[in-house]
Amino acid sequence: MIRCELLTNTGDLTAAVKHFYNRWMIELRYENPVVERLNLNRSQDVVTIHVLTISEHNAMTFQFTIKRGVR
């Protein structure tokens, strides 16, 4: 399991989540996942994204926490 805490520069959690999903699809995910589950939980100041991704030969779990930065 890999845990990562991120902080928004603008405080805009909606934009931060959109940016995360864009980066996930382009750079971070397995090229051909067999299973991929992303679960997003959101509160007023924090978004947590739990990811389970399985390829033909590997499996990984991630927890990304995005916190509201400067407003």
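Predicted model, so just to flag it, every value in this text is computed and none were measured.

A few words now on the nonpolar core. As a rule of thumb, soluble globular proteins bury nonpolar side chains together. Counting residues in each nonpolar core, the largest one holds 11 residues, listed as Leu13, Ala16, Val17, Phe20, Trp24, Val47, Ile49, Val51, Phe62, Phe64 and Ile66. Contributions of two or more residues to this core are made by α1 (13-28), β3 (46-54) and β4 (59-67). The element best represented in this core is α1, accounting for five residues. When neighbours within four sequence positions are excluded, Val47 is seen to be in contact with Leu13, Val17, Leu40, Asn41, Arg42, Phe64, Thr65 and Ile66.

Let us now look at the side chain of Thr65. Residue position: Thr65 is located in strand β4. Contacts of Thr65, omitting those with residues within four sequence positions, involve Cys4, Glu5, Leu6, Val46, Val47 and Thr48.

Procedures and definitions
Residues numbered from 1 in each chain as written. Predicted model: local features only at pLDDT ≥ 70, side-chain atom pairs only at ≥ 80, totals over all residues. Heavy atoms only, no water. Core = buried A, V, L, I, M, F, W, Y, C linked by side-chain atoms within 4.5 Å. Buried < 20%, exposed > 50% of the residue type's maximum accessible area, 1.4 Å probe, protein only. Helix = DSSP H or I, 4+ residues; strand = E, 2+ residues; numbered from the N terminus. Contact = heavy atoms within 4.5 Å.

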